[in-house]
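Chain residues, written in single-letter form:
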Amino acid sequence: MTRLKNANMLLALFLRLSRVERLGRDGKTTVDSAKSAASNAGEAVDNSINKVGDFMDDSTITARVKAALIDHKDINSGDISVKTENKVVTLSGDVTSAEQKSQALSVAKEVKGVSHVNDKLTVHHKSSSETATLKGYAGDTAITSEVKAKLLADDIVPSRNVKVETNAGAVHLTGTVASAAQAERAAEIAKAVSGVKSVRNDLSVK
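What you see is a predicted model, and the numbers here were worked out from it, not measured in a lab.

Undergrad: So what's going on with the overall build of the chain? Residues and values would help.
TA: Along its length, the chain carries 4 helices and 6 strands. Along the chain, helices (α) and strands (β) appear in the sequence α-β-β-α-β-α-β-β-α-β when read from the amino end. The 206 residues of the chain split such that 23% are buried. Of the contacts formed within the chain by residues at least 6 apart in sequence, a portion of 61% connects residues at least 24 apart.

Next up, the structure:
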């Protein structure tokens, strides 16, 4: 009877030890699986962060290249398009000379973070008539702005009712004023602006 009891106790102890060993193995497997899952998740997060970082870097590089082109006094950056992908910058658009093209490419290459510059710039030589037209347009715009500013500063003329247009130095005034004196005053102000060749006064008195 005693031997049977001892045998049963030994069997129970063996089964308990086997269960503990199995739990240990299962626990190790669970821990390993958790570690693996965490590692995979970490890698996924790192990859996402890297992608966002690359995007931000490309945007920053594009902004820096544009700023550098604008700051360069010999480059007409208004006609140049800048695109960056994976730190590779592509310049496209028109420049007025081969020298300007070379300068633009050189400026882009010197920007921090740029790994390579693709050249898709086209040299477009502006004719003397085109150049004169551009200068004339800029001059007319400046004249219009100055006339408007002087009318705005005047205490007599109701400038918000006066429209100013300039073409080849000839100023055209339209709109409404309260008296003939105001109309004459507006014309005098326009004539006094540098660059004005003539003034056509079509202001209506109401």
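Undergrad: Explain the sheet that holds strand E4 (residues 162-167) to me, and be specific about the residues and the numbers.
TA: Pairing is mixed in the open sheet, where 3 strands are placed in the order E4-E5-E6. The outermost strands of the open sheet, each flanked by one partner alone, are E4 and strand E6 (198-205). Direction aside, neighbouring strands of the sheet carry axes that sit 10° apart on average. The sheet contact formed by E4 and strand E5 (residues 170-177) spans 6 bridges and is antiparallel. Paired with glutamate 165 across the strands is histidine 172, a residue of E5. Here helix H4 (residues 180-191) sits on the sheet and contacts E5 and E6; the angle it forms with E6, its principal contact strand, is near 160°.

Undergrad: Talk me through the pattern of salt bridges; I want residue IDs and the actual numbers.
TA: Under the counting rule described, the total for this entry stands at 5 salt bridges. For aspartate 202, the salt bridge is made with arginine 200, and the minimal N-O distance between the two is 2.9 Å. Judged by relative accessible area, which is 51%, arginine 200 ranks as exposed.

Conventions adopted
Residues numbered from 1 in each chain as written. Predicted model: local features only at pLDDT ≥ 70, side-chain atom pairs only at ≥ 80, totals over all residues. Heavy atoms only, no water. Helix = DSSP H or I, 4+ residues; strand = E, 2+ residues; numbered from the N terminus. Buried < 20%, exposed > 50% of the residue type's maximum accessible area, 1.4 Å probe, protein only. Contact = heavy atoms within 4.5 Å. Pairing = 2+ DSSP bridges. Axes fitted to C-alpha atoms, helices over the stretch in contact; angles between N-to-C directions. Salt bridge = Lys/Arg side-chain N within 4 Å of Asp/Glu carboxyl O.

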